[in-house]
Amino acid sequence: MATHLNIFPAPRKATIKKTTIDLGQAEWIVLPRPFSGHLYNRVHSCATKLGRILNKSIRIAAVPPQDGKVLLSISLDKEPPHEQGFELKLTRTGQSLRAGGEAGAFYGCLAFVQLIEQFGATPASLTIQDEPDFPTRGIMLDVSRCKVPTMDTLKQLIDRLAGMRINHLQLYIEHTFAFSAHRRVWADASPFTHEEIIELDQYCSDRFIELAPNFNSFGHFGRWLKHPEYRHLGECPDKSQGGGCLAPNNASLKLLEELFDEYLPHFSSRLFNVGCDETWELGKGRSKAKAEKTSTTRVYLDFLKKIHQRVESRGRRMQFWGDIILHQPELIKELPEDIVALCWGYQADHPYETQCPAFADAGIEYYVCPGTSAWNSITGRTDNCLGNLENAAQNGAKYGATGYLITDWGDGGHHQVLPISYLGFAAGAAFSWHLKTNREIDLAGALSHHFFSDPTGELGQLCIDLGRTLNHIPGLVRGNCSAINQLLFGKLIDGPYDLSHVTQDQYNAANAWLDQIETSLVRCRPQCDDRTGGLNEFRHAIACSRHAIHRGQFYQFGIGDLDHLKRDLQSLVMSHEEQWLARNRRGGLHESSTRLRNVGNGL
């Protein structure tokens, strides 16, 4: 009898007995009323999966049937006390799932399906007691730095995230919502429409995921301010592109009010992430005099409070990125009481251990927000990703964070393909559920199963291994950027990168590492429904990595042929565009491809 349970995320507590039970004749799931349509749909989906595994029809009833054996009886009660918690018991006298709420019932059903996947019709007698460390476990997708996913891509991803008990989603918006009076801003971006947001909101709700609105409302406003009709709203309007920071004044507030009024009603969530991070120009333009009298952080806080008033008056609870207020931690206590701070940092050694208490001690609710480490990487940064996610989970739980938001950015043109982010999604889902039992979870197996349906189990390991290509090279170690990305896009002659410590042996080792990955790629057998199951995307990432390595060898050692590098780059651009259009809208593709094409200008 197996003593290890293939449940992802791993449960908080599981007791497994040596005895087995026979479910060969069971065919009913009992779900007593009252229950919502959301829960019924999820239970029905689980019943369908169970039917495929057991090769029979699994039916759902509101009461125990008069004829036929029960496969699982579900009850909603106050034990376990956590709304997302559940207790799953499999005994010879019956199989029961008690949940603290409908979300807990859904998560318990997911665990039951995984048990049947592992054991078939003869599972072990066992008891599982489970609940999450963080009530909110979310993903934030950058859909503004060029890449806007199709609806099919988002729905498929939402299904997979829900299967890992992710219950919160944000789409990072700068200019990719089709505001009716601001067509100039989004004309080339293939933005989300009003109808699409309503549809996504419903799709998420049906899977116990909260789709929270996200619109950056202070910094990162460059996509607007570059246009002449908006430039006057900038903190530094004299800059050639208008800068990226709104001026903290009434004119900016008036625009934000109009945008909030059109955007927010499409979401059922009462949360609203207004961003307000990285306001780099603040205090250098229109607000300079005030900043000199007080401080730039004080100017920031005063305007943040005014934004909060607009959010609160519209019946929403404001979230904001916490990086700027941390410049003067003593001001945190002046934040509005109901605000939610988002404490973010993307390095493995980010000081969450000092930043978390800064919010907690001031009585401000906050989330920890690590990242996937996928952006500016091409292949991912596996070790930094896992270290960053674990660091956030450990300190967030220790200091009372109520949420864990995994961020996935697209800086520099969003050249990484989506599967590069899967490791961060899966590891973050596991660590935020319960770090103690998930710290050593089989991530390769989880990735292979949940994202690729790869029975060989190799594709998940490939995700992990690919993110260790040229991971630590002296002179090419930089925050939020991989060595591969720097070799691919960086100016290698008279540029900022020191290649003097990179040896030919290191380049050869990286190429040999990619050879091994390509060999394992041939053995993978993904059965998921997204075209090639990521195989072509991984081939593209490997090709980009090889080009980056060859580029470094050419500039440093004179190895290779310039004409060959140029032809190879043309092939990469074509491949980049092909992979892009397989999952994403056309808007933003030209901008992203142009940066890749411009690599050739330095060849």
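Attention in this report is confined to the structure presented alongside it.

Conventions used here
Residues numbered from 1 in each chain as written. Predicted model: local features only at pLDDT ≥ 70, side-chain atom pairs only at ≥ 80, totals over all residues. Heavy atoms only, no water. Helix = DSSP H or I, 4+ residues; strand = E, 2+ residues; numbered from the N terminus. Expected span 1.5 Å × (residues − 1). Buried < 20%, exposed > 50% of the residue type's maximum accessible area, 1.4 Å probe, protein only. Contact = heavy atoms within 4.5 Å. Polar contact = N/O pair within 3.5 Å; in protein donor to acceptor, adjacent residues only side chain to side chain. Pairing = 2+ DSSP bridges. Axes fitted to C-alpha atoms, helices over the stretch in contact; angles between N-to-C directions. Phe/Tyr/Trp six-rings, centres within 6.5 Å; stacked < 30°, edge-to-face > 60°. Lys NZ or Arg CZ within 6 Å of the ring centre and 35° of its normal.

1. Here we look at helix H7 (residues 250–263)
Residues three or four positions apart in an α-helix share a direction because the helix packs 3.6 residues into each turn.
Then comes step 1: Over its 14 residues, H7 extends 20 Å from the first C-alpha to the last, a length consistent with the 20 Å expected when each residue adds 1.5 Å.
Then comes step 2: Burial in H7 covers these residues: Ser252, Leu253, Leu255, Leu256, Leu259, Phe260, Glu262 and Tyr263.
Then comes step 3: Buried residues along H7 sit in contact with strand S9 (168–172), helix H5 (194–205), helix H6 (222–225), strand S11 (271–273) and helix H9 (296–313).
Then comes step 4: One side-chain oxygen at the N-terminal end of H7 lies 3.3 Å from the backbone nitrogen of Ala251; it belongs to Asn249.

2. A word on the sheet that holds strand S13 (residues 340–344)
Then comes step 1: On the basis of which strands lie adjacent, the open sheet formed by eight strands has the order S10-S9-S8-S15-S14-S13-S12-S11 and parallel pairing. Each having just a single partner strand, strand S10 (210–212) and S11 make up the two edges of the open sheet. Averaged over all adjacent pairs, the angle separating strand axes in this sheet is 25°, with direction ignored.
Then comes step 2: Two strands pair when backbone bridges link them, and S13 and strand S14 (residues 365–369) are joined in this way by five bridges, in the parallel orientation. By the bridge assignment, Leu342 is partnered in S14 with Tyr367.
Then comes step 3: Helix-sheet contacts for H5 involve S9 and S10, and the interaxial angle to S10 is about 145°.

3. Quick notes on the packing of aromatic side chains
Within a pair of aromatic rings, the relevant descriptors are the distance that separates the centres and the angle that separates the planes.
Then comes step 1: Applying the stated rule across the entire model yields 29 aromatic pairs.
Then comes step 2: A ring pair is formed by Phe134 and Tyr404, whose centres lie 5.5 Å apart and whose planes are at 50°; its orientation type is tilted. In this pair, Phe134 sits in the loop between strand S7 (124–130) and strand S8 (136–142) while Tyr404 sits in strand S15 (residues 403–408), placing the two residues 270 residues apart along the sequence.
Then comes step 3: Taking 6.0 Å as the distance between ring centres and 50° as the angle between the ring planes, the aromatic pair formed by Phe179 and Tyr263 counts as tilted. Residue Phe179 is located in the loop between S9 and helix H4 (183–186), and its partner Tyr263 is located in helix H7; the two are separated by 84 residues in the primary sequence. Like Phe179, the residue Tyr263 is buried in the burial classification.
Then comes step 4: Members of the aromatic cluster, connected to one another through ring pairs, are Phe177, Phe179, Phe215, Phe221, Trp224, Tyr230, Tyr263 and Phe267.
Then comes step 5: Above the plane of the ring of Trp433 lies Arg165, whose end atom (NZ or CZ) is 4.6 Å from the centre.
Then comes step 6: It is Arg595 that lies over the ring of Phe489; its NZ or CZ is 4.1 Å from the centre.

So yeah, pure geometry; function would need other evidence.
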